[in-house]
Amino acid sequence: MNYSQFLNMIPEATLMAILVIVFIADFASSRKSDRKWFNPLVCILMLLQVLVNICPQEPVSLFGGMYVTSSAVNVMKTILAAGTLIVLIQSRKWLNREDTSFKEGEFYMLVVSTLLGMNMMMSAGHFLLFFLGLEMASVPMACLVALDKYRHNSAEAAAKFILTATFSSGVMLYGISFIYGSVGTLYFNDVATALTASDNLTMNIMGMVFFFSGLGFKISLVPFHFWTADTYQGAPTTVTGYLSVISKGAAAFTLMAILTKVFAPLTDYWLYVLYVVIVLSITIANLFAIRQTELKRFMAFSSISQAGYIMLAAVGGGEAGVAALSFYVLVYVVANMAVFSVISVVEENNNGVTDMDAYNGFYTTNPKLSLLMTLALFSLAGIPPFAGMFSKFFIFMAAAEQGSAMAYAVVFIALVNTVISLYYYLLIVKAMYIKSADSPLPTFKSDCNTKIALALCTAGIVLFGVFSFFYDWIRYAA
């Protein structure tokens, strides 16, 4: 075995270096007074990670084809690293709390470990490496959800998450075993070739369905979404933001890649399954979101709906689908993290309350935060001229390229659902600007890190759609 191949895994190698540096820094700084530089250090390291990922890298195939990367994969790794950077910047105030300050090092190491697992999952060319990457991302994520185990039902949320992750992994492995039993290999390219010539159609379809079901849990597509609302509500708000965007983006990109490449011979079968799942995810999540009064549960159903929109890109496939999915995730990261940054600020200044009624009259006391929250919600709803409108447009165009009547019908249903989503996003805007409260939230000043995170997110919401450079960069890589 040529161990020098590890040096060609540049994103993963740099993440491992960050993990070692964070571990040493956490071990060396025992007192709280020594940790003032801890968050800036980790943020600088993650910024370097983003810059490393942006640098053009030649596509490589390592370890006999188990690890495969391309320009499109590197773009997605860059997007997820940038989103993780925003999460780390925004988390400083929460980590400075008395009951969480001693866990700061663990938080950073778990976040980096999760991102490392996602990178391995996206670069997998073999089902074994894919599964290892998936578990490398899932297990640290369960620890992140339980980080506030004595506060806000965090332990219960982690228990539901890990149980669901366990069951979904079992279902997925069951599907992979069907595929292996049918074709005798786990290499993606070999599986695609063998499926074309295989006579075991029933076994192949069952393997594909079980695999899709297992990964559907990770993305929280309907009907595999039942864990989402409870986990989002119980987890720390910073972790909820990370779980809703970074984890979802990596899993959606990987699912699309495997469906369109590995299961390409079974496209006529998985495409109809995807149609049903997309329509159910968008419609049911939108209807349930209208009923929510707790903001983190509200954003959970919003994320389920957004997952349905993201998977629309897989309907079209091809470079347009890859580019549309990557751009959608990019816009979704900045818009969703802006919302969770505001929720985190309000939660820290309102004794942990995240009910929607707490935002009644919010504009009268905190107009700037209200404005930023409104911009983010408008982008999630797809209102022009914000970036969310362009990301939805590219998703619809990619899906319509499939050309069938079913694809057009699914796109039409998704378009109708944007009206429903606009309605429930406007419920928050109505609470902030129109509804009055006897005792609205007091005026409070955000810390420097929150301002930086909100500034980055707002810049993305405004600029990603206006300037075509970002989409052109993604499309060129695809």
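Residues numbered from 1 in each chain as written. Predicted model: local features only at pLDDT ≥ 70, side-chain atom pairs only at ≥ 80, totals over all residues. Heavy atoms only, no water.

Explain the nonpolar core to me, using residue names and the numbers behind them.
One finds Phe-107, Phe-127, Phe-130, Phe-211, Phe-263, Leu-312 and Met-373 to be the most contacted residues of the largest nonpolar core, which totals 171 residues. Here this core takes 21 residues from helix H14 (residues 318-348), the largest share from any one element. Once residues lying within four places of it in the same chain are set aside, the contact partners of Met-373 are Leu-295, Val-339, Val-342, Ile-343, Tyr-359, Ile-428 and Met-432. (Core = buried A, V, L, I, M, F, W, Y, C linked by side-chain atoms within 4.5 Å. Buried < 20%, exposed > 50% of the residue type's maximum accessible area, 1.4 Å probe, protein only. Helix = DSSP H or I, 4+ residues; strand = E, 2+ residues; numbered from the N terminus. Contact = heavy atoms within 4.5 Å.)

Explain unusual backbone geometry to me, using residue names and the numbers behind them.
The omega torsion across Val-222 and Pro-223 is 10°, close enough to zero to call that bond cis. Between Pro-384 and Pro-385 the backbone carries a cis peptide bond, its omega angle lying at 5°. Position of Pro-385 relative to the elements: it lies in the loop between helix H16 (367-381) and helix H17 (387-400). With a phi angle near 60°, Ser-220 is a residue other than glycine that sits in the positive phi range. Secondary-structure assignment places Ser-220 in the loop between helix H9 (201-219) and helix H10 (228-234).

Please provide a residue-by-residue account of the packing of helix H6 (residues 127-145) against helix H7 (residues 154-183), values included.
Two packed helices can be described by the angle between their axes and the distance between those axes. Axis separation between H6 and H7 bottoms out at 9 Å; the angle between their running directions is 170°. Taken together, the axes of H6 and H7 are roughly antiparallel relative to one another. Side by side, H6 and H7 meet where Phe-127, Phe-130, Phe-131, Leu-134, Glu-135, Ser-138, Met-141, Ala-142 and Val-145 of the first sit next to Ser-154, Ala-157, Ala-158, Phe-161, Ile-162, Ser-169, Met-172, Leu-173 and Ile-176 of the second. Its residues assigned to classes, the contact of H6 with H7 comprises 14 nonpolar, 3 polar and 1 charged. (Axes fitted to C-alpha atoms, helices over the stretch in contact; angles between N-to-C directions. Parallel < 35°, antiparallel > 145°, perpendicular 65-115°, else oblique. Nonpolar A, V, L, I, M, F, W, Y, C, P; charged D, E, K, R; others polar.)

Any details on the pattern of salt bridges? Residues and values, ideally.
The final tally for this structure, using the stated rule, is 4 salt bridges. A salt bridge links Glu-12 to Lys-77, with the nearest nitrogen and oxygen atoms 2.7 Å apart. Highlighted residues: Glu-12 in helix H1 (residues 10-28) and Lys-77 in helix H3 (residues 71-90), separated in sequence by 65 residues. On the accessibility criterion, Glu-12 (3% relative accessible area) is buried. Between Glu-156 and Lys-160 there is a salt bridge whose closest N-O contact spans 3.0 Å. Remark: Lys-160 and Glu-156 occur in helix H7; sequence separation between them is 4 residues, near one turn of the helix. Given a relative accessible area of 42%, Glu-156 falls into the partly exposed group. (Salt bridge = Lys/Arg side-chain N within 4 Å of Asp/Glu carboxyl O.)

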